[in-house]
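Residue-level structural notes
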Amino acid sequence: EDARNLAEFLKPLFEHVKKIAVDLIPYNPHDGAPVDYRRPSKERVQEFQNIVREHSDAEGGNVFVTVRLTRGDEEMSACGR
């Protein structure tokens, strides 16, 4: 559902630009985070990526969706670095 919502959010932007780049950054768990927050599996991230890309392409958009490498686990970095 969130992937389709993101694709819908991007649609009006194509009136102003021809290409959009989206970086997906998987969540890095850390001390103090809500208990129900967990890093999604690689398969789930890939599914999200595919849904955004396919939904946007079907609407005539040109969206590049990449997944950032997860880094910073030891430092508990929120951005994945």
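Let me sum up the structure you'll find in this document. (Residues numbered from 1 in each chain as written. Predicted model: local features only at pLDDT ≥ 70, side-chain atom pairs only at ≥ 80, totals over all residues. Heavy atoms only, no water.)

Enumeration according to the criterion identifies two salt bridges in this entry. Residue Lys-11 pairs with Glu-8 through a salt bridge whose shortest N-O separation is 3.2 Å. Judged by its relative accessible area of 29%, Lys-11 is partly exposed. For the salt bridge of Asp-23 with Arg-68, the shortest nitrogen-to-oxygen distance reads 3.5 Å. Pair noted here: Asp-23 is in strand β1 (residues 20–24) and Arg-68 is in the segment after β2 (63–67), with a separation of 45 residues, a long-range link. (Salt bridge = Lys/Arg side-chain N within 4 Å of Asp/Glu carboxyl O. Buried < 20%, exposed > 50% of the residue type's maximum accessible area, 1.4 Å probe, protein only. Helix = DSSP H or I, 4+ residues; strand = E, 2+ residues; numbered from the N terminus.)

For the rest of this paragraph, the subject is the packing of aromatic side chains. Inspection of every chain in the model, using the stated rule, returns one aromatic pair. Relative to Tyr-37, the ring of Tyr-27 lies with its centre 5.6 Å away and its plane at 80 degrees, an arrangement referred to as edge-to-face. Of this pair, Tyr-27 sits in the loop between β1 and α2 (42–58) while Tyr-37 sits in the loop between β1 and α2, and the two are 10 residues apart along the sequence. (Phe/Tyr/Trp six-rings, centres within 6.5 Å; stacked < 30°, edge-to-face > 60°.)

Nothing here speaks to function; it is geometry throughout.
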